[in-house]
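# Structural overview for review
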Amino acid sequence: MDIIKQREYPLALDVLQAMSLRLLASDRRQTAFAEEKGIVQAGFTGEQAIDYYLNFISNKSYRIFHGLRIPWKNDLYFQMDTLIITPYFIPILEVKNLSGKLYFNQLAQQLIRTKNDVEEGFPYPMTQVNRQAQQLEMYLKQSGFPPIPIIPLVIISRPSTIISTDQPNAAFHDKVMHAENFPERLHRLEKQYPRACLTQKHLDTLSSLLLQAHEPLIPNYRKKLMVEEHELLPGVLCQQCKQLSMVRDFGWWKCIKCQQKSRDAHIRALMDYYLLIKPTISNQQFRSFTKLQSVTVASQLLTKLDLPYTGTFRNRLYHLDLGRLRKIAAQNVL
């Protein structure tokens, strides 16, 4: 197998973390942020749980994509937890990290979870993944690929979770299973679909097409939790004490709380600006957000990042690139 698109740390967690740090600790919405982070983290942990079992795939022609989000139509997108492209069939994996007892009501198309004697309803996973399969089928057809079986599957990541249904039969358990049972299900699919539908060239072309089409979602939690831009606290975050307490001093960012020093702490601030406000920033907006006083220093810091820009002088807007900012921050070269 070949992992074409790795599983990435959710942007939603980056957004929530940035939002939480840039609101007052006493803000009433901090509880909502914590709850949202718990939900997103649980989903990500569940998706990671399937990765171990994917290692059992021995066929080198299989291509794996994690977290693809593809444009569909009318400004709509469809997102898949894990997509496996093979020459013979294409499984879509919808991963659920839910504990307790899960009851799949096939008649009502509803998932009911019982935990600590409390019942809770969830959207029906098979409806979700069936819709993704229909959207992918349409996308492949419009892109000129030959027909190929698309197999929607629901994966329950926790082995202790109890699965039951109102209509127990083999067909249900072919679609809904614990993560540890996926390799065996894949083996049976290989026997069921022995005829290749896609050539090596098809696989290469489709892989490139999906990677190019992928558009990550930046969740708008500001809108969801009604946070206005002026409520976001400005400043540069100290990674040591987690306070917005760094000031620029002779080529360094220095924390006035714990005395920690950094050359590139402003990069984290630019990432926050991108995640919470917008993907472009002016010199004045940069100074306001980081509490910088000097127009010249701000210009030097932005120019050194070699970001694309439009406009000249006072009208210049720098176009922030989250991937590039992350790479520079990881290298810590400034």
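Our structure is the block above this text.
The numbers attached to residues start from 1 for each chain and follow its sequence in the written order. Local features in a predicted model are, by the rule used here, given only for residues with pLDDT of at least 70; side-chain atom pairs are given and counted only at 80 or more, and totals for whole chains, interfaces and linings are based on all residues. Only hydrogens and water are removed before side-chain values are computed, so all heavy atoms of the structure are retained for them.

## What about the overall build of the protein?
Secondary structure assignment for the protein yields 12 helices and 16 strands. Projected onto its principal axes, the C-alpha positions of the protein cover 70 × 55 × 35 Å. Across the protein, the mean location of the 42 positive side-chain charges is 7 Å away from that of the 30 negative side-chain charges. Secondary structure elements follow DSSP: runs of H or I of four or more residues count as helices, runs of E of two or more count as strands, with numbering from the N terminus. Counted as positive: Lys and Arg. Counted as negative: Asp and Glu, with His and the chain ends omitted from the count. Think of each charge as sitting on NZ of Lys, CZ of Arg, CG of Asp or CD of Glu.

## Topic: the sheet that holds strand β2 (residues 63-71)
Taken in spatial order, the six strands of this open sheet run β1-β2-β3-β4-β8-β10, and their pairing is mixed. In this open sheet, the two edge strands, each paired with only one partner strand, are β1 (2-5) and β10 (176-178). Sheet twist, expressed as the mean angle between neighbouring strand axes with direction ignored, is 35°. Being paired, for any two strands, means DSSP has found at least two bridges between them. Looking at chain direction, β1 and β2 are connected through three bridges and run parallel. When the sheet's bridge partners are listed, Lys5 is paired in β2 with Phe65. Contact definition: two residues touch when any of their heavy atoms are within 4.5 Å. To define axes, lines are fitted to C-alpha atoms, for helices over the stretch in contact only, and angles between the resulting N-to-C directions are given on a 0 to 180 degree scale. Most of the contacts of helix α6 (residues 182-192) go to strand β8 (residues 150-156), to which it runs at about 165°, and overall it touches β3 (77-85), β4 (90-96), β8 and β10.

## Describing the sheet that holds strand β15 (residues 309-310)
On the basis of which strands lie adjacent, the open sheet formed by three strands has the order β14-β16-β15 and antiparallel pairing. Each of the sheet's edge strands pairs with one partner strand only, and the pair in question is β14 (280-281) and β15. Both β14 and strand β16 (residues 317-319) contribute to a ladder of two bridges, which runs antiparallel. Bridge pairing in β16 places Ile281 opposite Tyr318.

## Structural notes on the packing of aromatic side chains
For Phe, Tyr and Trp, where Trp contributes only its six-membered ring, two rings pair if their centres lie within 6.5 Å, and the inter-plane angle classes them as stacked under 30 degrees, edge-to-face over 60, or tilted in between. Within this structure, the stated rule accounts for 11 aromatic pairs. Seen in terms of ring centroids, Phe78 and Tyr139 are 6.3 Å apart; in terms of plane orientation they differ by 70°. Their pairing is edge-to-face. Residue Phe78 is found in strand β3, and its partner Tyr139 is found in helix α4 (residues 125-142); the two are separated by 61 residues along the sequence. This pair shows no difference in class: Phe78 is buried, exactly as Tyr139 is. Pairwise contacts between aromatic rings join Tyr52, Tyr53 and Phe56 into one cluster. Lying over the aromatic face of Tyr77, Arg69 brings its terminal NZ or CZ to 3.8 Å of the ring centre. Only lysine NZ and arginine CZ atoms are considered, and such an atom sits over a ring when it is within 6 Å of the ring centre and within 35 degrees of the ring normal. Over the ring of Trp252 we find Arg263, and its NZ or CZ is 4.0 Å from the ring centre. Categorising residues by exposure relies on relative accessible area from a 1.4 Å probe, with only protein chains included: less than 20% of the type maximum marks a residue as buried, more than 50% marks it as exposed, and the intermediate range marks it as partly exposed.

## Brief notes about helix α2 (residues 30-49)
One less than the number of residues in a helix, times 1.5 Å, gives the span that helix is expected to have. Taking 1.5 Å as the rise per residue, α2 with 20 residues should run 28 Å; its terminal C-alpha atoms sit 29 Å apart, in good agreement. Residues of α2 that are buried: Gln30, Phe33, Glu36, Val40, Phe44, Gly46 and Glu47.

## Regarding the nonpolar core
In globular proteins that are soluble, nonpolar side chains generally tend to be buried together. Definition of nonpolar core: a set of buried residues of the types Ala, Val, Leu, Ile, Met, Phe, Trp, Tyr and Cys, connected through side-chain atoms within 4.5 Å. Counting residues in hydrophobic clusters, the biggest one holds 41 residues, and the most contacted among them are Met19, Leu270 and Phe286. Listing elements by their share of this core, those giving two or more residues are α1 (11-21), α2, β12 (252-255), α9 (265-276), α10 (283-290), α11 (295-304) and α12 (322-331). In this structure, Phe78, Ile92, Met126 and Leu206 belong to the second largest nonpolar core, which totals 34 residues.

## Details of the environment of Lys257
Tracing the chain through its elements places Lys257 in the loop between β12 and β13 (261-262). Linking Lys257 and Met246, residues 11 residues apart in sequence, is a C-alpha distance of 8.2 Å. Those residues in contact with Lys257 that lie beyond four places of it in its chain are Cys241, Gln243 and Ser245.

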